[in-house]
Amino acid sequence: MEEEGIEKIDIRVYIPMLLVALVPISLVRDLKYLVPFSALANVFILVSFAITLYYMFNQEPNTEGTEMIAPAEKIPLFFATVIFAMEGIGVVSENIIFINIK
């Protein structure tokens, strides 16, 4: 589906575009130079969280036909998600400890 005047770009074009931005950032050895990027990422996270909250509370959810509790088959997916999130936190906290020791 192409909109009028907008050409759909193939995903194989997006990857090199991202590499142009990400490779120089990944080559930075001193983390203090990445602080502006981290601050910008935090701003984007806060804005996306605010937009999510706006749409979540601005519209009345339709709960008809929705199960309030997931079936038991979904429990492994829940634990996998929790473990994935905790692993990310563990990696970040280990980096912070390593930076403080240095």
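Parameters and conventions
- Residues numbered from 1 in each chain as written.
- Predicted model: local features only at pLDDT ≥ 70, side-chain atom pairs only at ≥ 80, totals over all residues.
- Heavy atoms only, no water.
- Helix = DSSP H or I, 4+ residues; strand = E, 2+ residues; numbered from the N terminus.
- Buried < 20%, exposed > 50% of the residue type's maximum accessible area, 1.4 Å probe, protein only.
- Areas by Shrake-Rupley, 256 points an atom, 1.4 Å probe, with all protein chains shown as cover.
- 1 Å grid on protein atoms, 1.4 Å probe; cavity = no way out; pocket = protein on both sides within 12 Å on 5 of 7 lines; lining within 4 Å.
- Points joined across faces, edges and corners; volume = space filled by probe spheres on them.
- Nonpolar A, V, L, I, M, F, W, Y, C, P; charged D, E, K, R; others polar.
- Salt bridge = Lys/Arg side-chain N within 4 Å of Asp/Glu carboxyl O.
- Patch = residues over 30% accessible without salt bridge, like charges linked within 9 Å, V, L, I, M, F, W, Y side chains within 5 Å.
- Expected span 1.5 Å × (residues − 1).
- Bend = angle between axes of the 7 residues up to and from the residue.
- UniProt positions renumbered as here; feature names shortened; annotations may be inferred.
- Phe/Tyr/Trp six-rings, centres within 6.5 Å; stacked < 30°, edge-to-face > 60°.

(A) Here's a closer look at the overall build of the chain. When helices and strands are counted, the chain shows 3 helices and 0 strands. Reading the secondary structure of the chain in the N-to-C direction produces α-α-α. Taking all 102 residues of the chain together, the buried fraction comes to 0%. Counting every atom, the chain has about 10200 Å² of accessible surface; 69% of that belongs to carbon and sulfur.

(B) Just the layout of surface pockets, in detail. Roughly 190 Å³ of volume is contained in the largest pocket. Lining the largest pocket we find Leu31, Leu34, Val35 and Ser38. Counted by class, the lining of the largest pocket contains 3 nonpolar, 1 polar and no charged residues.

(C) Up close: the pattern of salt bridges. Counting across every chain of the model gives 2 salt bridges. A salt bridge links Arg12 to Asp10, with the shortest nitrogen-to-oxygen separation between them at 2.6 Å. Accessibility expressed as a relative area gives 35% for Asp10, which makes it partly exposed. A salt bridge links Asp30 to Lys32; its shortest N-O distance comes to 3.9 Å.

(D) Region of interest: a nonpolar patch on the surface. A grouping of Ile9, Ile11, Val13, Tyr14, Ile15, Met17, Leu19, Val23 and Leu27 is seen on the molecular surface, where their side chains present a nonpolar patch of about 850 Å² in accessible area. Following the sequence through the fold, Leu19 ends up in helix α1 (residues 11–26). Taking the relative accessible area as the measure of exposure, Leu19 reaches 47% and is therefore partly exposed.

(E) The arrangement of α1 in detail. End to end, α1 covers 22 Å across 16 residues, agreeing with the expected 22 Å (1.5 Å per residue, within 8%). Maximal helix bending in α1 amounts to about 30°, located at Leu19.

(F) Molecular detail of the UniProt feature "transmembrane region" (unreviewed entry) in the chain. This chain's UniProt record puts "transmembrane region" (unreviewed entry) on residues 12–28, 35–57 and 77–101. Taken end to end, residues 12–28 has its terminal C-alpha atoms 26 Å apart, with 88% of it in helix and 0% in strand. From the first C-alpha to the last, residues 35–57 spans 33 Å; its make-up is 100% helix and 0% strand.

(G) Molecular detail of the packing of aromatic side chains. Counted under the stated rule, the structure contains 2 aromatic pairs. Relative to Tyr55, the ring of Tyr54 lies with its centre 5.1 Å away and its plane at 75°, an arrangement referred to as edge-to-face. Aromatic pair Phe78 and Phe79: ring centres 5.3 Å apart, planes at 65°, arrangement edge-to-face. Classification of Phe79 by relative accessible area gives partly exposed; the value is 47%.

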